[in-house]
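Fold and contact review
Below are the chains, spelled out letter by letter.
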Amino acid sequence: MTLAPSRDSVLPDRITNASLRSFLGGVGTVDEVMTHRRVAELATRSIKKDSKRAALLTAVRMMDLTTLEGRDTPGKVRQLAAKAIRPIPGDPTIPSTAAVCVYPNLVPVAAEAVAGTGVRVASVATYFPSGQLGTPEKVAEVEHVVSLGADEIDMVIDRGAFLRGDYLAVFDEIRRIKDACGDLHLKVILETGELASYDDVRRASMLAMAAGGDFIKTSTGKISPAATREVTLVMLKAIADFADATGVQVGMKPAGGIRTAKDAIRYLVILNETLGAGWMTPEWFRFGASSLLNDVLMQIRWLDTGRYQDPDHFTEA
Amino acid sequence: MQDTSKVTDTTPAKTTGATIDLPGDWRYAPSRQSSAPVTIADRYGLFINGGWQRPASGEWFPTINPSTEETLSEIAVADGADVGRAVKAARNAYEEVWGPMSGTERAKYLFRIARMIQERAREIAVLETMDGGKPIRESRDFDIPQAAAHFFYHAGWADKLEYAFPGIDPKPLGVAAQVIPWNFPFLMLAWKIAPALATGNTVVLKPAETTSLTALFFASICDEAGLPPGVVNLVTGAGETGAGLVSHPDVDKVAFTGSTAVGKRIQADLAGTSKKLTLELGGKGAHIVFDDAALDDAVEGVVNGIFFNQGHVCCAGSRLLVQETIHDRFVDKLKRRLATLRVGDPLDKNTDVGAINSRAQLDKITDLVESGVADGAEIFQPRCDLPERGFWFVPTLFTDVSQSHRIAQEEIFGPVLSILTFRDPEEAVTKANNTPYGLSAGVWTQKGSRILWMADRLDAGVVWANTFNQFDPASPFGGYKESGFGREGGRHGLLAYMDTGI
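Residue numbers run consecutively from 1 along every chain, following the written order of its sequence. Both sets of labels track the order of writing: A upward for chains, 1 upward for ligands. Local features are withheld for residues below a pLDDT of 70 in this predicted model, meaning they are given only at 70 or higher, and side-chain atom pairs are given and counted only at 80 or more; totals for whole chains, interfaces and linings count all residues. The basis for the side-chain values is all heavy atoms of the structure; hydrogens and waters are excluded.

1. As for the overall build of chain B
What counts as a helix is a DSSP run of H or I of at least four residues, what counts as a strand is a run of E of at least two, and both are numbered from the N terminus. Helix and strand counts for chain B stand at 16 helices and 21 strands. Just to be clear, the radius of gyration here is over C-alpha atoms, and the globule rule we use is 2.2 Å times residues to the power 0.38. Over its C-alpha trace chain B gives a radius of gyration of 23 Å, about what one expects of a compact globule, namely 23 Å for 502 residues. Along the longest, intermediate and shortest principal axes, the C-alpha atoms of chain B span 75 × 50 × 35 Å. Across the 502 residues that make up chain B, the buried fraction comes to 61%. By definition in these notes, contact holds between two residues if any of their heavy atoms fall within 4.5 Å. Pairs at least 24 apart in sequence give 75% of the contacts found in chain B among residues at least 6 apart. Working definition: with a 1.4 Å probe on protein chains only, accessible area under 20% of the residue-type maximum means buried, over 50% means exposed, and in between means partly exposed.

This is how it looks when you write it as structure tokens:
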């Protein structure tokens with residue numbers, strides 16, 4: 001028997017808090033000790049030469065080059081966009097990043113700057129980073145951001161509701177925001193640094209995927225810890241189980257705290273050995289990062305020349 | 001050897017859409033650990049009374065690299081005369097130097113040896129991998145650090161033995177004859193030598209025929225550490241050398257790790273003597289996976305339990321008992337994970353499964369796998385490119401295995417997992433215990449009370465819960481039933497080398 005892909009296939013017929021609780025009770029658990037052991041084992045993968053170059057170029061293509069500061073200006077965003085389009089001025093062998101990620105106010109500036117280049121504009125919404133407002137206001141914000149010309153929306157879940165067990169509130173909010181996004185890609189931030197356990201991360205991942213998230217994302221970057229490799233492995237395994245159960249492919253975005261090329265390669269190793277080729281593209285995996293790009297570029301230059309260039313040779317975004 | 005890469009579709013309803021296709025198409029470039037720091041002599045003599053000696057027989061045998069079949073060196077064959085000289089040297093050292101020495105002084109030597117192992121860890125790891133075929137990742141991250149940890153741990157006991165067993169004044173036994181296997185050559189040497197020396201005994205050790213090189217390297221460490229002559233002696237050779245050693249009349253203690261068949265012969269041979277004996281023999285460990293377990297993590301544990309060191313592990317979890325309700329899902333997950341195992345050059349830092357230790361072992365594995373197919377079990381092997389030379393075996397799963405199949409009963413000592421199902425905890429315990437062996441078991445469930453219930457009923461020297469293959473020098477290790485007796489490691493391990501007067 002073959003079924004068409006459908007997120008509903010894992011959901012109860014009647015969505016209530018009780019039925020969602022029982023759905024999440026059945027998604028299985030995570031063992032912390034073995035998760036850490038697996039991540040430590042994969043960290044010993046030794047990635048050299050051509051496989052390292054391939055990984056670094058892939059990491060550039062997967063990057064959501066991000067600036068999320070109160071002091072961001074149109075000038076800074078235009079600079080960021082230029083860096084995203086052509087990471088090393090005058091070197092067309094270095095690909096563009098996947099997207100730039102900015103606050104709503106700066107979406108029109110970013111959209112104009114990247115127009116026609118293939119680089120997408122992602123914007124955080126839903127009263128990022130805390131999400132401390134009602135669902136109607138969040139939906140209204142998302143509708144506004146969509147009208148400003150964003151291609152992708154990064155929302156945060158209501159952690160308060162999740163932690164007190166009001167799964168229906170979290171689920172319903174994600175659904176309404178996905179409706180407001182229309183065809184735009186919705187990334188759902190779980191803010192794993194505020195969730196209590198890997199079991200919670202797994203449940204939140206399943207809830208976000210069942211509710212309609214196109215991507216699940218670790219963190220806002222405003223809470224510590226942000227992305228970790230362990231949390232990422234837990235989420236990738238949830239994505240695998242969700243794909244097996246529903247046929248629906250969901251993407252992954254670790255964000256926050258990923259600063260070095262070595263880090264990025266370790267994430268890609270985990271991805272490669274957990275979900276494989278089908279996810280190894282910017283369509284299904286993103287890095288949310290601001291300072292990672294230059295370290296990756298520096299490593300690519302090192303592979304090219306055998307020398308480390310002075311950081312001043314790499315432009316600030 | 002069969003190479004059936006087809007995954008049998010066992011799930012009742014598959015959806016179209018996203019599929020997980022492993023291994024990914026990002027290939028890691030070879031990342032080979034250099035063997036340059038290692039120097040291997042053309043020929044090794046016997047290490048007796050602190051010096052290198054020619055074998056009385058004048059005979060030598062080659063030791064090869066099982067991943068290339070190239071000869072690495074020639075090793076002396078010790079005969080009865082050599083064994084006699086080694087035991088005599090150990091006896092003298094025991095009576096004149098090591099026995100009378102204070103625990104504090106013995107500890108200094110052990111600490112020194114532990115530090116020297118750490119300092120030269122990379123050399124030892126490379127040598128271990130070249131001579132035995134295990135992945136460098138394992139020799140570097142597991143075998144050698146654990147060996148150093150055993151010397152550190154026992155160094156700590158050397159001057160505290162009177163506190164280990166309050167009210168008892170324990171005494172050393174004398175000369176210990178130790179025979180070790182080829183699966184963890186350097187680590188088993190540490191498990192044997194560290195407690196023997198800490199408790200004041202002297203040692204004659206025989207490494208396995210196919211893996212003598214790291215033991216010979218250890219001899220040079222003893223020499224550089226200034227260990228008094230005769231405290232540690234090494235005799236190399238095959239089974240005959242070992243038989244001569246354990247039956248030597250002037251030996252006080254015999255410690256053997258290896259096959260159950262040989263262990264039985266040694267026990268028979270020692271009957272009626274005053275020699276103290278400990279045996280660490282074969283196993284057919286069971287993983288028991290309940291339907292409430294963290295499945296992906298259980299998959300990791302099961303994979304580690306059987307493919308670690310190519311399955312050449314006495315406590316390997318070589319049988320998987322999986323609760324019937326999750327069988328299909330769990331097997332699918334296992335197959336997917338198997339596809340990511342990297343089999344090949346043991347010196348490549350990314351290799352997960354290295355070479356089979358010897359042609360003889362490869363033949364044994366092949367024979368048992370053929371019996372599994374003939375008995376009607378269903379075989380699964382991922383697609384795998386194996387090197388042309390050397391001894392290799394593709395990681396293998398068997399489903400539809402019955403308790404009466406040879407692959408469910410006999411120790412395969414290779415990368416082969418037999419999968420059975422159970423319905424309730426009682427049946428799981430019955431099946432797990434239905435083997436002559438009793439070395440290890442793994443229980444996978446989120447329910448704490450069930451872990452305790454199972455651990456009480458499983459006849460196994462070690463029961464791991466929600467993990468597998470975790471070792472620590474402070475934790476005793478040993479078997480039930482035909483897996484042997486006596487413990488190694490921890491306070492219990494000291495008893496094997498001490499006369500407590502009880």
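2. A few points about the packing of helix 9 (residues 198–211) of chain A against helix 10 (residues 229–246) of chain A
All names here are of chain A. Between helix 9 and helix 10, the least distance of the axes is 9 Å, while the angle of their chain directions is 45°. Taken together, the axes of helix 9 and helix 10 are oblique relative to one another. Like other packed secondary-structure pairs, helix 9 and helix 10 cross with a definite hand, here right-handed. Contacts from Y198, V201, R202, S205, M206, M209 and A210 of helix 9 reach helix 10 at E230, V231, V234, M235, K237, A238, I239, D241 and F242. Residues belonging to the contact of helix 9 with helix 10 are distributed by class as follows: 11 nonpolar, 1 polar and 4 charged. To get an axis, fit a line to the C-alpha atoms, keeping to the stretch in contact for a helix; angles then go from 0 to 180 degrees between the N-to-C directions. The labels follow the angle: roughly parallel below 35 degrees, roughly antiparallel above 145, roughly perpendicular from 65 to 115, and oblique for the rest. Note on convention: near helix rotated counterclockwise from far helix by under a right angle means a left-handed crossing. Clockwise means right-handed. Amino acid classes used here: Ala, Val, Leu, Ile, Met, Phe, Trp, Tyr, Cys and Pro are nonpolar; Asp, Glu, Lys and Arg are charged; the rest, including Gly, are polar.

3. Observations concerning the nonpolar core
One finds I153, I174, L268, L271, W279 and F287 of chain A together with W26 of chain B to be the most contacted residues of the largest nonpolar core, which totals 107 residues. Element by element, the count of residues in this core is highest for helix 10 of chain A, at 10 residues. Note on terminology: a nonpolar core comprises buried Ala, Val, Leu, Ile, Met, Phe, Trp, Tyr and Cys residues joined through side-chain atoms within 4.5 Å. Residues A194, F308, V313 and F477 of chain B belong to the second largest nonpolar core, which totals 105 residues.

4. Observations concerning the sheet that holds strand 6 (residues 70–76) of chain B
Within a sheet, each strand pairs with its neighbour through backbone hydrogen bonds, oriented either parallel or antiparallel. Residue and element names in this part refer to chain B. Pairing in this open sheet of 3 strands is mixed, and the strands run 2-6-5 from one edge to the other. In this open sheet, the two edge strands, each paired with only one partner strand, are strand 2 (43–44) and strand 5 (60–65). For two strands to be treated as a pair, DSSP must find at least two bridges joining them. Relative to strand 6, strand 2 is paired through 2 bridges, and the arrangement is parallel. Looking at the pairing, Y44 lines up with I75 of strand 6. Sitting on the sheet, helix 7 (residues 213–224) is in contact with strand 2, strand 5 and strand 6, with an inclination near 55° to strand 6.

5. Topic: unusual backbone geometry
Trans peptide bonds make up most of the peptide bonds, and negative phi angles are found at most residues other than glycine. That bond from F128 of chain A to P129 of chain A is cis: its omega, 0°, falls within 30 degrees of zero. Position of P129 of chain A relative to the elements: it lies in the loop between strand 4 (120–124) and helix 6 (135–148). Of note, the bond from L22 of chain B into P23 of chain B is cis; its omega dihedral lies within 30 degrees of zero at 0°. Mapped onto the elements, P23 of chain B comes out in the loop between strand 1 (14–15) and strand 2. In this structure, N309 of chain B takes a positive phi of about 55° despite not being glycine. Structurally, N309 of chain B can be placed in the loop between helix 10 (295–307) and strand 14 (319–323). For N309 of chain B, a relative accessible area of 2% puts it in the buried group.

6. With respect to the sheet that holds strand 6 (residues 185–189) of chain A
Residue and element names in this part refer to chain A. One open sheet holds the 8 strands; their spatial order is 8-7-6-5-4-3-2-9, and the pairing between them is parallel. Across the chains shown, the open sheet's two edge strands, defined by having one partner strand only, are strand 8 (251–253) and strand 9 (287–289). Across the sheet, the axes of successive neighbouring strands diverge by a mean angle of 25°, strand direction being ignored. Across 3 bridges, the pairing between strand 2 (residues 63–66) and strand 9 is parallel. Bridging from a neighbouring strand, D64 pairs with G288 of strand 9. Against the sheet, helix 5 (residues 107–114) contacts strand 3 (99–102) and strand 4, and its axis sits at roughly 170° relative to strand 4.

7. Some thoughts on helix 9 of chain A
Residues and elements named next belong to chain A. Taking 1.5 Å per residue as the helical rise, helix 9 with its 14 residues ought to reach 20 Å, and the 20 Å between its terminal C-alpha atoms agrees with that figure. Extensive coverage of helix 9 is indicated by the burial of 13 of its 14 residues. Once helix 9 finishes, G212 follows within two positions and takes phi at roughly 125°, a positive value. Expected helix span is taken as 1.5 Å per residue step, with the number of steps being one fewer than the number of residues.

8. As for the packing of helix 3 (residues 49–61) of chain A against helix 12 (residues 292–305) of chain A
The geometry of a pair of packed helices is captured by two quantities: the angle between their axes and the separation between those axes. Residues and elements named next belong to chain A. Two elements in contact, helix 3 and helix 12, have axes separated by 10 Å at closest approach and are oriented at 150°. What the angle tells us is that helix 3 and helix 12 run roughly antiparallel. The interaxial crossing formed by helix 3 with helix 12 has left-handed handedness. Contacts from K49, K52, R53, L56, L57 and V60 in helix 3 reach L293, V296, L297, Q299, I300, W302, L303 and D304 in helix 12. Split into classes, the residues belonging to the contact of helix 3 with helix 12 amount to 9 nonpolar, 1 polar and 4 charged.

9. Quick word on the packing of aromatic side chains
Within 6.5 Å between ring centres, the rings of Phe, Tyr and Trp (the latter by its six-membered ring) count as paired, and their orientation is classed by plane angle as stacked under 30 degrees, edge-to-face over 60, tilted in between. Applying the stated criterion across every chain yields a total of 24 aromatic pairs over all chains. A ring pair is formed by F285 of chain A and F287 of chain A, whose centres lie 5.3 Å apart and whose planes are at 85°; its orientation type is edge-to-face. An identical accessibility class is assigned to F285 of chain A and F287 of chain A; each is buried. An angle of 85° between the planes, with centres 5.4 Å apart, marks the rings of W182 of chain B and F413 of chain B as edge-to-face. Taken together, the residues span a long stretch of sequence, with W182 of chain B in the loop between strand 8 (175–179) and helix 6 (185–198) and F413 of chain B in the loop between helix 13 (406–409) and strand 17 (416–422) at a distance of 231 residues. Each of the two residues, W182 of chain B as well as F413 of chain B, counts as buried. By definition here, charges over rings are those cases where NZ of Lys or CZ of Arg is within 6 Å of the ring centre and within 35 degrees of the ring normal. If you follow R43 of chain B out to its NZ or CZ, it ends over the ring of W60 of chain B, 4.2 Å from the centre. Over the ring of F290 of chain B we find R450 of chain B, and its NZ or CZ is 4.5 Å from the ring centre.

10. Side note on the interface of chain A and chain B
If you look at the interface, chain A gives 45 residues, while chain B gives 46 residues. By buried area we mean the combined loss of accessible area, with a 1.4 Å probe, across both parts when two parts are placed together. For the pair chain A and chain B, the summed buried area comes to about 3,500 Å², and 48% of that belongs to carbon and sulfur atoms. Three residues, M34, R37 and R45 of chain A, lead the burial of chain A against chain B; their summed loss comes to 17% of the area buried on that side. Just to be clear on terms, a salt bridge is a Lys or Arg side-chain nitrogen sitting within 4 Å of an Asp or Glu carboxyl oxygen. Here chain A and chain B share 5 salt bridges between them. Two residues, R38 of chain A and E300 of chain B, come together in a salt bridge whose shortest N-O distance is 3.3 Å. Distance and chemistry together define a polar contact, namely a pair of N or O atoms within 3.5 Å, with one atom able to donate a hydrogen and the other to accept it when in protein, and with adjacent residues in sequence counting only for side-chain atoms on both sides. Applying the counting rule to chain A against chain B returns 18 residue pairs in polar contact (both at pLDDT 80 or more).

11. Remarks on the layout of surface pockets
All names here are of chain B. Space inside the second largest pocket adds up to approximately 1,100 Å³. In the cavity and pocket records, a cavity denotes points on a 1 Å grid over the protein atoms alone where a 1.4 Å probe fits but cannot get out, a pocket denotes an open set with protein on both sides within 12 Å along at least 5 of 7 lines, and lining residues are residues with an atom within 4 Å of a point. What lines the second largest pocket is a set of 45 residues, and nearest its centre among them are W182, F256, G258, S259 and V262. Broken down by element, the lining of the second largest pocket gets its largest block of residues, 6 residues, from helix 9 (residues 260–270). Each residue belonging to the lining of the second largest pocket can be placed in one class, and the counts come to 22 nonpolar, 14 polar and 9 charged. Of the residues that make up the lining of the second largest pocket, three or more belong to each of domain 1 (43–281 + 480–499) and domain 2 (286–465). Grid points are joined across faces, edges and corners, and a volume is the space filled by probe spheres set on the points. Per the annotation, domain bounds derive from an automatic or database assignment of domains.

12. Points about the side chain of D64 of chain A
Residue and element names in this part refer to chain A. Here D64 is to be found in strand 2. Among the polar contacts made by the side chain of D64, one reaches the side chain of K187 at a distance of 3.0 Å. In this structure the side chain of D64 is engaged in a polar contact, spanning 2.8 Å, whose partner is the side chain of R286. Those residues in contact with D64, other than ones at most four positions away along the chain, are A98, A99, C101, E152, K187, K253, R286, F287, G288 and A289.

13. Observations concerning the domain arrangement of chain B
Residues and elements named next belong to chain B. Examined at the domain level, chain B breaks down into domain 1 (43–281 + 480–499) and domain 2 (286–465). For domain 1 versus domain 2, the separation of C-alpha centres amounts to 30 Å. Each partner contributes to the interface: domain 1 provides 30 residues, whereas domain 2 provides 34 residues. Both sides of the domain 1 and domain 2 interface together cover about 2,700 Å² of buried area, and 55% of this is carbon and sulfur. Here domain 1 and domain 2 share 3 salt bridges between them. The partner of D459 in a salt bridge is K481, with the nearest N and O atoms 4.0 Å apart. Listed by contribution, the elements that provide at least two residues to the side of domain 1 that touches domain 2 are helix 3 (121–132) and helix 4 (136–157).

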